[in-house]
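This is what each chain is made of:
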Amino acid sequence: MRNFYIETQNVNELCDEYNNPGRVYLETALTQMPAAYAELAGNPGTGEISGMVRFYPIGAEVLVNAEVYGLPVNPDPCGFDIFGFHIHEGRSCTGTDSDPYANAGMHFNPTLCPHPAHGGDMPPLFGNNGSAWMMYVTDRFSIPEIIGKTVIVHSGVDDFSSQPAGNAGAKIACGTISEV
C-alpha cells in the first residue's frame, strides 16, 4: 500500500486510478492520522462504554470512522441493538443527574435543516455483542466546523423523522471533538 495524504485536487485522480473510491477511504483510514478525533466515554449507569471516533479529510468530504465498545446488549434474540449517533453543537460532555450530557446541546445544525438533514446527523451504530464499528463519508460538515463540538451515542434507534432530534433516547456516551 502506498502512503499518501489525500488532497482536494487529487481525490478524483485517485478514484479514477483505483476505479473504487471505497479503497481510497479504507486506505486513508489504515495509513493516515486523522485530522480530528473524539474519545467516547459512557455516563454513570450505562456500563463501561468507551470508543473513538476519527475524522479524516478526503478532499471536500470527511471520512468518519467510529469504534465503540461496552454498548448495551439486547437480551431478546429478536431484538436489535441500534443506537442513534450524532454530532451535537455543545462543547462539553457534562450535565445534570437526570441528563449527564445536557451541555452537549442539540444536534449540530448549521444550515437549520429539519431532522434527519442536520449536519450532525450520522448513520446509526449497529451493535454486535456490545461493540460497533462504522465508516462512512459525508459532505455535511468540514473538520474545522466540528472542532470542539461533541459526539453523542444515544440509547435507542433514531426514527429519522421526529423533530427536532429523532427520538433516539437518552445520551449514553459522549466525547468532545479535538484537533490532532
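Check the entry above for the structure.
Parameters and conventions
Residues numbered from 1 in each chain as written. Predicted model: local features only at pLDDT ≥ 70, side-chain atom pairs only at ≥ 80, totals over all residues. Heavy atoms only, no water. Helix = DSSP H or I, 4+ residues; strand = E, 2+ residues; numbered from the N terminus. Buried < 20%, exposed > 50% of the residue type's maximum accessible area, 1.4 Å probe, protein only. Contact = heavy atoms within 4.5 Å. Areas by Shrake-Rupley, 256 points an atom, 1.4 Å probe, with all protein chains shown as cover. Pairing = 2+ DSSP bridges. Salt bridge = Lys/Arg side-chain N within 4 Å of Asp/Glu carboxyl O. Disulfide = S-S within 2.5 Å.

*Asks:* Help me understand the overall build of the protein chain in this model?
*Replies:* The number of helices and strands found in the protein chain is three helices and nine strands. Reading the helices (α) and strands (β) of the protein chain from amino to carboxyl end gives α-α-β-β-β-β-β-β-β-α-β-β. Out of the 180 residues belonging to the protein chain, those deemed buried represent 44%. Long-range contacts, defined here as pairs at least 24 residues apart, represent 61% of the contacts in the protein chain between residues at least 6 apart. When the accessible area of the protein chain is evaluated, it comes to approximately 9100 Å², of which 53% is carbon and sulfur surface.

*Asks:* Please clarify how the pairing of strand β1 (residues 36-42) should be interpreted in this entry.
*Replies:* On a regular strand, one side chain projects to one face of the sheet and the next to the other, so that they alternate. Where β1 lies against strand β2 (residues 50-58), six bridges are found, and the strand directions are antiparallel. In the sheet register, alanine 41 faces β2, and the bridge partner there is serine 50. Inspection of the sheet shows β1 paired to strand β9 (residues 171-179) by five bridges, in the antiparallel sense. Within β9, the residue paired with alanine 36 across the bridge is glutamate 179.

*Asks:* Got a minute to help me understand unusual backbone geometry in this structure?
*Replies:* Negative phi values dominate among residues other than glycine, just as trans dominates among peptide bonds. At the junction of histidine 115 and proline 116, the peptide bond is cis and its omega measures out at 15° in the coordinates. Inspection of the secondary structure assignment puts proline 116 in the loop between β5 (85-88) and β6 (125-126). The backbone of leucine 112 shows a phi angle near 55°, a positive value even though the residue is not glycine. Residue placement: leucine 112 occurs in the loop between β5 and β6. Of the residues examined, leucine 112 reaches a relative accessible area of 73% and is grouped as exposed. Not every positive phi belongs to a glycine, and asparagine 129 is a case in point at roughly 55°. Note on placement: asparagine 129 falls in the loop between β6 and β7 (131-138). Overall, asparagine 129 belongs to the exposed group, its relative accessible area being 68%.

*Asks:* It is not clear to me how the pattern of salt bridges should be interpreted in this structure. Could you clarify?
*Replies:* Once the charged atoms of two side chains with opposite charge are near each other, the side chains can pair. Within the structure shown, the criterion is met by two salt bridges. The partner of glutamate 67 in a salt bridge is arginine 54, with the nearest N and O atoms 2.7 Å apart. With glutamate 67 in strand β3 (residues 61-69) and arginine 54 in strand β2, this residue pair connects regions lying 13 residues apart in the sequence. For aspartate 99, the salt bridge goes to lysine 171, with nearest N and O atoms at 2.9 Å. Here lysine 171 lies in strand β9 and aspartate 99 lies in the loop between β5 and β6, a separation of 72 residues in the sequence. Aspartate 99 gets classed as partly exposed once you look at its relative accessible area, which sits at 22%.

*Asks:* Can you walk me through the state of the cysteines in this structure?
*Replies:* One covalent bond between the sulfur atoms of two cysteine residues makes up a disulfide. What the rule picks out here adds up to one disulfide. Between the sulfur of cysteine 93 and that of cysteine 174 lies a disulfide, 2.0 Å long from S to S. Note on the cysteine 93 and cysteine 174 pair: the S-S dihedral is about -70°, so by sign convention the disulfide is left-handed. In this pair, cysteine 93 is assigned in the loop between β5 and β6 and cysteine 174 in strand β9, connecting sequence segments 81 residues apart. Under the relative-accessibility criterion, cysteine 93 is labelled partly exposed at 24%. A relative accessible area of 3% places cysteine 174 in the buried class.

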